[in-house]
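Here's the letter readout for the chains.
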Amino acid sequence: MPGMSGNAADIFVSVHGSDYNAGTREKPLASVAAALRKSRELRRLNDSSVTNGIHIIVGAGVYELYEPLFIRPEDAGTAASPTWIEAAPDEQPVLSGGFQITNWHKSTKNIAGLPGMAQGKVWVADVPLTSNRLSEFRQLWINNVKAVRAKNTNGALMGRILSWDKKEQSCWIPFNSASPIKDVAGIEMFIHQWWAVATLRIRKMERNGDSAKLYFYQPESKIQSEHPWPAPWISSETGNSAFYLTNAIQFLDEPGEWYLDIAQHRIYYWPRINENLHKDVVTAPLLETLVSLQGTREHPVTYVFFKGISFQHAGWLRPSQYGHVPHQDGMYMLDAYKLATPGTANKKTLENQAWIGRPAAAIQVSYADNTGFTNCRFEHLASTGIDYAKYTHRNSINGNLFKDIGGTAILGGVFSDESTEVHIPYNPKDEQEICSDLQITNNLITNVTNEDWGCVGIAAGYVRNSHITHNEISDVSYTGISIGWGWTKTINAMKNNEIAFNKIHHYGKHNYDCAGIYTLSAQPGSVISNNYIDSIYKAPYAHLPNHWFYLYTDEGSSYFTIKDNWCPSEKFLQNANGPGNTWVNNGPQVNKQVQELAGIESAYEYLLKEKVTDKNVAINKEQPVIIELIAAKNQSVSLQKIKDVLALYKINQDALYQWKNHCIIFSRIGDLYTFRQKIKTALPSIEIKTYDNVFYEFNRLHCGDATAETEWSHTILTASLVADPTLQKEYLNYHATQFEKWPEVSKGFCNAGFQQLLAYKNERQLMLVISIPKGETLDRLNPKTTENNPRMVEWNDRMKKYQQGIDGTAKGETWVILKPVQ
């Protein structure tokens with residue numbers, strides 16, 4: 001691609017220029033739109049200066065847009081004469097869709113509805129009108145640091161819904177607001193459900209003691225209650241769906257939160273430490289789209305390139321106008337419901353129907369060939385960063401930064417037209433309609449999906465001959481890279497796609513049923529290879545805490561080659577796949593050279609200084625889990641049926657233990673959800689409990705010994721905590737602080753040669769796994785824990801008041817041992 005050249009037409013733009021100027025270096029224009037117009041005229045008149053192309057050279061500064069920059073067929077260049085919109089050397093121009101809020105003052109009067117703790121600390125400003133109308137917005141940045149729209153829970157905390165009534169389209173929540181809410185106008189509910197979230201506008205709230213019943217506006221109310229997947233989660237085992245309420249002045253109760261009073265055209269903000277609103281730049285988004293490249297089928301936009309431009313402050317208002325109930329990858333449902341009689345012509349077992357829309361993007365591209373973005377920055381955006389949709393061919397997104405984005409960083413291809421049900425394969429008669437040969441390379445994507453947690457780093461729908469290579473993706477709420485749509489093994493528009501040499505880490509921050517790389521539907525000739533995937537966040541409100549993967553080929557995935565991808569374990573899911581998939585050499589055994597080669601190439605390493613990971617969120621450790629199967633009293637569990645399921649999942653028979661009517665499976669299980677479903681099918685009358693919450697872990701590293709025995713045997717014991725909640729908290733706190741306050745306990749384990757201790761909890765019941773060197777016995781080793789160790793004796797005595805036996809134990813019996821099943 002050509003760079004700046006003295007032989008090409010150069011048009012200069014400066015924040016100090018004027019659109020009445022000639023566009024020379026000495027007399028620059030003031031806007032890129034004016035420069036495009038001048039460029040368009042040069043091409044219309046076949047001016048000889050454009051023979052080798054046109055360079056629109058943009059100087060440093062912020063260019064506030066009052067409408068999207070529209071690039072149309074008349075702006076198209078050619079291979080010999082492209083158009084470049086680029087930053088002046090060593091300068092950083094910003095195309096911003098935002099506006100500044102100024103004239104802040106600290107409120108000295110009592111503000112109605114504001115919590116007492118915030119009175120006297122909140123600052124107030126009038127929101128300027130645009131075309132004599134208030135500009136509504138859902139985001140706010142202080143010196144380009146995102147503020148928090150006031151919500152009823154602080155920090156990362158969320159509540160749990162109590163119930164959901166689909167017929168009545170209502171929801172019960174716990175509600176203990178110190179500030180009564182008389183008017184719910186504008187209040188929204190944000191709810192976490194499986195692999196997506198939803199934003200629901202509250203129409204009515206009925207208080208009843210410490211609870212409230214919520215009703216919602218249409219269309220989201222009907223869609224939310226009628227669509228089967230993803231839906232609100234109700235589970236006594238892992239907790240109901242998490243939620244918070246937002247957008248009320250009653251919720252503004254901590255620094256960093258803000259509230260927009262639409263009726264009074266006024267904004268309230270509680271500044272963080274070191275913020276000074278007399279000096280700080282406060283920006284709210286005005287536009288949803290900053291740049292639109294759109295041609296026609298006959299006259300596409302061609303050979304237009306952006307280089308070194310920063311795109312900032314785009315908003316998205318649909319959730320405020322219609323609510324937001326996504327299906328997957330942030331695609332919102334226009335209509336959706338469960339079929340009374342399952343089955344469609346394309347899929348005989350299908351039970352759900354959905355029609356979707358596509359979220360707004362800061363950069364929207366369609367009917368465009370041979371265009372590109374390189375060395376650009378996409379920051380402080382509410383929805384999608386850049387979106388290449390229909391009739392797009394041979395386009396490039398290379399060497400860019402995507403950071404602080406509410407939705408997906410990069411979208412490509414069709415994800416079902418609005419009039420087409422999502423499960424119907426897309427295979428247009430006009431193949432030019434298909435997004436093809438899209439090159440997504442050497443981009444850093446970090447801190448994205450921070451508003452719509454169901455979005456992903458890179459999402460490609462129906463694409464072909466496209467290459468997603470050498471990108472690094474971190475700090476995303478859901479999946480790193482998703483490719484495919486349709487949930488079908490039927491041959492469709494997709495083929496010959498490549499996902500290779502990407503580095504994906506710190507993903508799944510909020511939503512599970514996710515993976516580093518996720519696929520859907522048939523894609524002949526497609527390859528996923530040489531990727532590095534690691535470090536999934538421990539999502540605090542995940543519905544199924546173990547339902548995450550490094551590689552995930554979902555419904556209909558067919559004709560893929562998946563090889564040489566490095567990840568810490570073979571935690572993969574192949575769900576309802578079609579034919580023709582080839583899996584070769586994936587997991588921790590892959591050559592370490594893959595780790596070194598994956599990710600951004602050396603020419604773009606300067607981007608890595610922008611990388612974000614959240615140090616406040618833990619990383620998942622792949623611990624084994626315990627599944628307890630409980631038969632009715634005086635009944636037995638069919639061991640053979642359990643063994644059949646173990647064999648199906650390639651789990652060794654020595655993972656099985658038993659005590660009376662309790663059976664225990666202790667093993668690493670890649671997909672705990674489907675495993676439980678198999679067990680439930682095999683043993684429908686059995687109670688199933690899952691223990692995947694390790695609240696205490698000891699290993700040899702606590703002995704200053706990095707090595708461990710290679711072969712272990714396990715002793716599994718179970719007991720129950722006493723019913724007193726205060727004592728339960730004391731017990732857990734003892735274990736949380738043991739290594740700091742009671743180091744003699746772990747010293748005793750070291751002396752005894754224990755290799756590992758894992759303590760699990762499900763409600764009150766405890767499971768303890770003690771791992772010792774194979775060939776040893778716990779009876780011989782356990783006394784060594786208390787030898788010359790009085791504090792260990794004291795610890796054991798203290799623990800007795802917190803523990804009791806489970807149902808079926810003898811009087812005075814606490815811990816019972818589950819014996820290995822022979």
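Residues numbered from 1 in each chain as written. Predicted model: local features only at pLDDT ≥ 70, side-chain atom pairs only at ≥ 80, totals over all residues. Heavy atoms only, no water.

Engineer: Please explain the pattern of salt bridges as it appears in this structure.
Structural biologist: Any two side chains of opposite charge can pair, given that their charged atoms come close. Considering all chains together, one arrives at 35 salt bridges under this definition. With a closest N to O distance of 3.5 Å, Glu226 and Lys222 form a salt bridge. Within this pair, Glu226 and its partner Lys222 are both found in helix 2 (residues 220-226), separated by four residues, close to a single helical turn. Overall, the relative accessible area of 34% leaves Lys222 in the partly exposed class. A salt bridge links Asp430 to Arg297; the shortest N-O distance between them is 2.6 Å. On the criterion of sequence distance, the pair formed by Asp430 in the loop between strand 40 (410-412) and strand 41 (435-436) and Arg297 in the loop between strand 25 (291-294) and strand 26 (301-302) is long-range, its members being 133 residues apart. Residue classification places Arg297 among the partly exposed positions, given a relative accessible area of 45%. Residues participating in the shared-partner salt-bridge network are Arg377, Glu379, Lys403 and Glu610. (Salt bridge = Lys/Arg side-chain N within 4 Å of Asp/Glu carboxyl O. Helix = DSSP H or I, 4+ residues; strand = E, 2+ residues; numbered from the N terminus. Buried < 20%, exposed > 50% of the residue type's maximum accessible area, 1.4 Å probe, protein only.)

Engineer: It is not clear to me how the pairing of strand 1 (residues 9-13) should be interpreted in this structure. Could you clarify?
Structural biologist: Along any regular strand, the residues point their side chains to alternate faces of the sheet. In terms of burial, strand 1 is largely enclosed, as four of its five residues are buried. Here strand 1 pairs with strand 2 (residues 54-58) via five bridges, running parallel. Across the sheet, Ala9 pairs through a bridge with Ile54, a residue of strand 2. Considered for its hand, the β-α-β crossover made up of strand 1, helix 1 (residues 32-44) and strand 2 is right-handed. (Pairing = 2+ DSSP bridges. Right-handed = clockwise from strand over helix to strand, strands pointing away.)

Engineer: Whenever I open this one, the sheet that holds strand 20 (residues 211-216) confuses me. Can you help?
Structural biologist: The strands making up a sheet are joined through hydrogen bonds of the backbone, oriented either antiparallel or parallel. Spatially, the seven strands line up as an open sheet ordered 15-21-18-19-20-17-16, and their pairing is antiparallel. Looking at the sheet topology across the chains shown, the edges are occupied by strand 15 (159-160) and strand 16 (163-165). Where strand 18 (residues 188-193) and strand 21 (residues 242-246) come together, four bridges link them in antiparallel fashion. Looking across to strand 21, one finds that Glu188 is bridged to Thr246.

Engineer: So what exactly am I meant to see when it comes to the sheet that holds strand 51 (residues 514-519) here?
Structural biologist: One open sheet holds the ten strands; their spatial order is 4-25-32-36-40-44-48-51-54-56, and the pairing between them is parallel. Strand pairing shows two members of the sheet lacking a second neighbour, strand 4 (69-71) and strand 56 (572-574), which therefore form its edges. Neighbour-to-neighbour, the strand axes of this sheet turn through a mean angle of 15°, independent of strand direction. Pairing of strand 25 with strand 32 (residues 361-366), which is carried by four bridges, proceeds in the parallel orientation. Looking across to strand 32, one finds that Leu293 is bridged to Val365. (Axes fitted to C-alpha atoms, helices over the stretch in contact; angles between N-to-C directions.)

Engineer: What is the right way to look at helix 11 (residues 790-799) in this model?
Structural biologist: Given 3.6 residues per turn, any residue in an α-helix points the same way as the ones three and four places further on. Of all the positions in helix 11, only Met792, Trp795 and Met799 are classed as buried. Buried positions in helix 11, seen along its axis, are confined to an arc of 55° and lie on one side of it. Here the buried face of helix 11 lies against helix 7 (725-736), helix 8 (738-741), helix 9 (743-752) and strand 66 (803-804). (Arc of directions from axis to C-beta. Contact = heavy atoms within 4.5 Å.)

Engineer: Just checking my understanding: could you explain the confidence of the model for the protein chain for this structure?
Structural biologist: Low pLDDT marks regions whose predicted coordinates should not be analysed in detail. Model confidence for the protein chain is summarised by a mean pLDDT of 95, while 99% of its residues fall at 70 or above. Below pLDDT 50 for its whole length, residues 1-6 participates in twelve contacts with residues either more than four positions away or in separate chains. (pLDDT = per-residue confidence, 0-100.)

Engineer: Looking at this model, I keep getting lost on the side chain of Gln623. Mind explaining?
Structural biologist: Within the element layout of this structure, Gln623 appears in the loop between helix 4 (593-597) and strand 58 (625-630). What makes Gln623 buried here is its relative accessible area of 17%. One polar contact links Gln623 to Glu697, side chain to side chain, over a distance of 3.0 Å. The residues contacting Gln623, other than those within four sequence positions of it, are Arg668, Val694, Glu697, Gln756, Leu758 and Tyr760. (Polar contact = N/O pair within 3.5 Å; in protein donor to acceptor, adjacent residues only side chain to side chain.)

Engineer: How should I be thinking about the packing of helix 9 against helix 11 in this particular structure?
Structural biologist: A pair of packed helices is captured by two measures, namely the crossing angle of their axes and the spacing between those axes. Axis separation between helix 9 and helix 11 bottoms out at 8 Å; the angle between their running directions is 105°. Taken together, the axis directions place helix 9 and helix 11 in an arrangement best described as roughly perpendicular. Within the contact between the two elements, helix 9 uses Glu744, Val745 and Phe749 and helix 11 uses Arg791, Met792 and Trp795. Residue composition of the contact of helix 9 with helix 11, by class: four nonpolar, no polar and two charged. (Parallel < 35°, antiparallel > 145°, perpendicular 65-115°, else oblique. Nonpolar A, V, L, I, M, F, W, Y, C, P; charged D, E, K, R; others polar.)

Engineer: How should I be thinking about the side chain of Lys213 in this particular structure?
Structural biologist: Topologically, Lys213 is positioned in strand 20. One polar contact links Lys213 to Tyr215, side chain to side chain, over a distance of 3.3 Å. Here Lys213 is in contact with Glu168, Ser170, Cys171, Trp172, Lys204, Met205 and Glu206, once residues within four sequence places are set aside.

Engineer: Teacher, can you tell me more about the environment of Lys109 here?
Structural biologist: The topology assignment puts Lys109 in the loop between strand 8 (105-106) and strand 9 (123-126). Residues Lys109 and Asn699, 590 residues apart in the sequence, show an inter-C-alpha distance of 58 Å.

Engineer: Mind showing me how you'd approach the packing of aromatic side chains here?
Structural biologist: This structure, assessed with the given rule, holds 39 aromatic pairs. On the basis of an interplanar angle of 90° and a centroid distance of 5.6 Å, the ring pair of Trp194 and Trp229 is categorised as edge-to-face. Of the two residues, Trp194 is situated in the loop between strand 18 and strand 19 (196-208) and Trp229 in the loop between helix 2 and strand 21; the sequence distance between them amounts to 35 residues. With a centroid separation of 6.5 Å and 20° between ring planes, the pair formed by Tyr259 and Tyr268 is classed as stacked. Tyr259 sits in the buried class, given a relative accessible area of 13%. By relative accessible area, which is 7% here, Tyr268 ends up buried. (Phe/Tyr/Trp six-rings, centres within 6.5 Å; stacked < 30°, edge-to-face > 60°.)

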